[in-house]
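# Structural characterization, general
Chain by chain, the residues:
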Amino acid sequence: MPDTKTGKKIADLGAVAAGLAHEIRNPLNSLFINSQLLEEMLSELPEGVAPQKEEMLTLARANLKVTRRLNESLSAFLRFARPPAMDLALVDLNRVVAETLRFLDVDFSYHGIDLRARYHASSLPLLADEKQLKQALLNLLLNAEEALDKEEKVIRVTTGVRDGRPFVRIQDNGRGIPRADRRHIFRLFYTTRREGSGLGLPIVRQIIHQHGGTISLRSREGAGTTVTVALPFEAQFRAMFPGRLPLALPAEAGR
Ligand SMILES: Nc1ncnc2c1ncn2[C@@H]1O[C@H](COP(=O)(O)OP(=O)(O)O)[C@@H](O)[C@H]1O
Ligand SMILES: [Mg+2]
């Protein structure tokens with residue numbers, strides 16, 4: 001644990017970083033839009049007008065790709081530095097998981113991924129910010145997808161109750177995480193992927209902790225990774241965060 005002085009310095013640095021990211025955002029946006037326009041204009045040039053048309057197009061497309069990635073990293077970082085307020089409602093974990101999986105359906109089947117989902121027989125009522133919870137699940141599912149390195153690609157998703165708490169488990173048969181890397185993976189900006197941002201897991205952890213949940217990970221190098229997210233039931237959440245909620249919340253049925 002950092003002492004309070006160091007802790008404050010870190011907090012200050014966080015604020016400076018967030019401010020800087022904000023400053024960069026608008027010019028980066030112009031750069032992105034300009035690259036888009038340039039790419040369009042170049043591709044519409046009639047043949048023979050500019051002999052270097054193809055080369056210029058390649059450069060414009062490379063710029064577009066880099067600025068898009070920068071934009072995504074910046075948004076993710078700002079989201080982490082200034083997490084949005086929790087918009088809590090009563091939701092069913094089974095439905096939230098099913099809807100997140102449906103969102104990835106096309107992508108998974110396109111990549112030949114065998115998705116096996118198993119749901120707890122009855123609904124799992126939670127107090128959650130549905131959008132944020134889906135974001136966390138999506139980050140975990142994308143990590144699982146990106147780790148798949150074998151001919152047979154399998155992602156298993158299971159919901160259930162253990163030790164009196166609802167959980168969702170995401171299991172992949174991908175490359176696994178080397179033991180020495182395991183303590184780094186939740187660190188901000190830590191990534192082993194060429195196009196990674198290292199923001200996925202820090203955001204997941206932030207969201208799960210805000211929901212009073214825990215995240216645990218088991219991995220075997222070469223064999224795969226299992227991530228388990230456990231969350232409090234509605235009643236447990238109310239006991240954990242008394243006063244945080246209005247008594248009446250929008251009901252699942254009405255959403
Ligand atoms: N399911 C997984 N299988 C193997 N490695 C993983 C898995 N999930 C996360 N990792 C490792 O943790 C790192 C950090 O993940 P993350 O924070 O989502 O950032 P990113 O996906 O941008 O690299 C990844 O680069 C990867 O090395
Ligand atoms: Mg990721």
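Scroll up a little and you will see the structure.
A brief structural summary. (Residues numbered from 1 in each chain as written. Chains lettered and ligands numbered in written order. Predicted model: local features only at pLDDT ≥ 70, side-chain atom pairs only at ≥ 80, totals over all residues. Heavy atoms only, no water.)

Axis separation between helix H4 (residues 130-147) and helix H5 (residues 200-210) bottoms out at 9 Å; the angle between their running directions is 145°. Crossing handedness for the pair H4 and H5: left-handed. Touching Gln 132, Leu 133, Gln 135, Ala 136, Asn 139, Leu 140 and Asn 143 of H4 are Gly 200, Leu 201, Ile 203, Val 204, Ile 207, Ile 208 and Gln 210, all from H5. Broken down by class, the residue content of the contact of H4 with H5 amounts to eight nonpolar, six polar and no charged. (Axes fitted to C-alpha atoms, helices over the stretch in contact; angles between N-to-C directions. Helix = DSSP H or I, 4+ residues; strand = E, 2+ residues; numbered from the N terminus. Left-handed = near helix turned anticlockwise from the far one by under 90°. Contact = heavy atoms within 4.5 Å. Nonpolar A, V, L, I, M, F, W, Y, C, P; charged D, E, K, R; others polar.)

Moving on to the site of ligand 1. Around ligand 1 sit 18 residues in total, of which Asn 143, Thr 191, Thr 192, Ser 197 and Leu 201 are the nearest. In the environment of ligand 1, an oxygen atom lies 2.4 Å from a nitrogen or oxygen atom belonging to the side chain of Thr 192. Side-chain polar atom of Thr 225 to a nitrogen atom of ligand 1: 3.4 Å apart, as the coordinates give it. Protein burial of ligand 1: of its 540 Å² of free accessible surface, 92% is covered by the chains. Only H4 and H5 provide two or more residues apiece to the shell around ligand 1. Its residues assigned to classes, the shell around ligand 1 shows seven nonpolar, nine polar and two charged. (Near = heavy atom within 4 Å. Polar contact = N/O pair within 3.5 Å; in protein donor to acceptor, adjacent residues only side chain to side chain. Areas by Shrake-Rupley, 256 points an atom, 1.4 Å probe, with all protein chains shown as cover.)

For Asp 163, which is not a glycine, the phi torsion comes out positive at approximately 50°. Locating Asp 163 in the fold gives a position in the loop between strand E4 (153-162) and strand E5 (165-172). Look at Asp 163 and you get exposed, because its relative accessible area is 75%. For Phe 189, which is not glycine, the phi dihedral falls at a positive 75°. (Buried < 20%, exposed > 50% of the residue type's maximum accessible area, 1.4 Å probe, protein only.)

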